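For reference, the chains in residue letters:
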Amino acid sequence: MFNKIAPIALITLTLALPNTAYAQLDSASYIEATSAVMDAGLAAPEIRHLHNVPSVGVISLADGFRTRSGQYTNDVEMIASQNGYWVSRLRHALTANPVTRRAMDEHGVNVNRVDGVSIGSTGSLRFFVE
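Remember, it's a predicted structure, so these values are computed and weren't measured experimentally.

### Describing the overall build of the protein
Okay, so step 1: Each helix and strand counted, the protein has six helices and six strands in total.
Okay, so step 2: In sequence order, the secondary structure elements of the protein are arranged as α-β-α-α-β-β-β-α-α-α-β-β.
Okay, so step 3: Across the 130 residues of the protein, 42% fall into the buried class.
Okay, so step 4: Taking as baseline every contact in the protein between residues at least 6 positions apart, the subset at least 24 positions apart corresponds to 71%.
Okay, so step 5: Carbon and sulfur atoms provide 56% of the accessible area of the protein, an area that totals close to 7400 Å².

### Concerning the packing of aromatic side chains
For any pair of aromatic rings, the description consists of the separation of the ring centres together with the inter-plane angle of the planes.
Okay, so step 1: Under the definition given, this model contains one aromatic pair.
Okay, so step 2: Seen from their ring centres, Y85 and W86 are 4.8 Å apart, and the 80° between their planes marks the pair as edge-to-face.
Okay, so step 3: Take W86: its relative accessible area is 43%, and that puts it in the partly exposed class.

### Concerning the nonpolar core
Okay, so step 1: Grouped together as the largest cluster of nonpolar side chains are 25 residues, with contacts concentrated most on I47, L90, L94 and F127.
Okay, so step 2: Elements that contribute at least two residues to this core include exactly α3 (40–48), β2 (56–60), α4 (75–82), α5 (84–96), α6 (98–106), β5 (114–119) and β6 (125–129).
Okay, so step 3: Setting aside chain neighbours within four positions, we find L90 in contact with A40, A43, A44, I47, V114, D115, G116 and V117.

The rules behind these values
- Residues numbered from 1 in each chain as written.
- Predicted model: local features only at pLDDT ≥ 70, side-chain atom pairs only at ≥ 80, totals over all residues.
- Heavy atoms only, no water.
- Helix = DSSP H or I, 4+ residues; strand = E, 2+ residues; numbered from the N terminus.
- Buried < 20%, exposed > 50% of the residue type's maximum accessible area, 1.4 Å probe, protein only.
- Contact = heavy atoms within 4.5 Å.
- Areas by Shrake-Rupley, 256 points an atom, 1.4 Å probe, with all protein chains shown as cover.
- Phe/Tyr/Trp six-rings, centres within 6.5 Å; stacked < 30°, edge-to-face > 60°.
- Core = buried A, V, L, I, M, F, W, Y, C linked by side-chain atoms within 4.5 Å.

Structure, rendered in structure tokens:
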């Protein structure tokens, strides 16, 4: 049970902290990134209603992820290209909201590289970028 709760608690805690975290993909981030990219169309309406972004995290998808067997995979970018319409809707929503646009500018996030985003309960954002 702890193995199931620990990654969720870590992600929730990370999204609630008031700082910018730049990281590469690990197993928990890989699962979160896949969900965020697949749900880009669902995140777009939520982005439009954000009034505050207390913290930003950035996870790079560029290097992919090494599975436990040591094989390299970059399925997240493949999923992003297959969901191009929804990713573009997400990017549009991020650009249209002045709060998210300012948060991206402050943290050096290029909207054209965003493939997915996780939204924390406080409005914190974790960007998954190419």
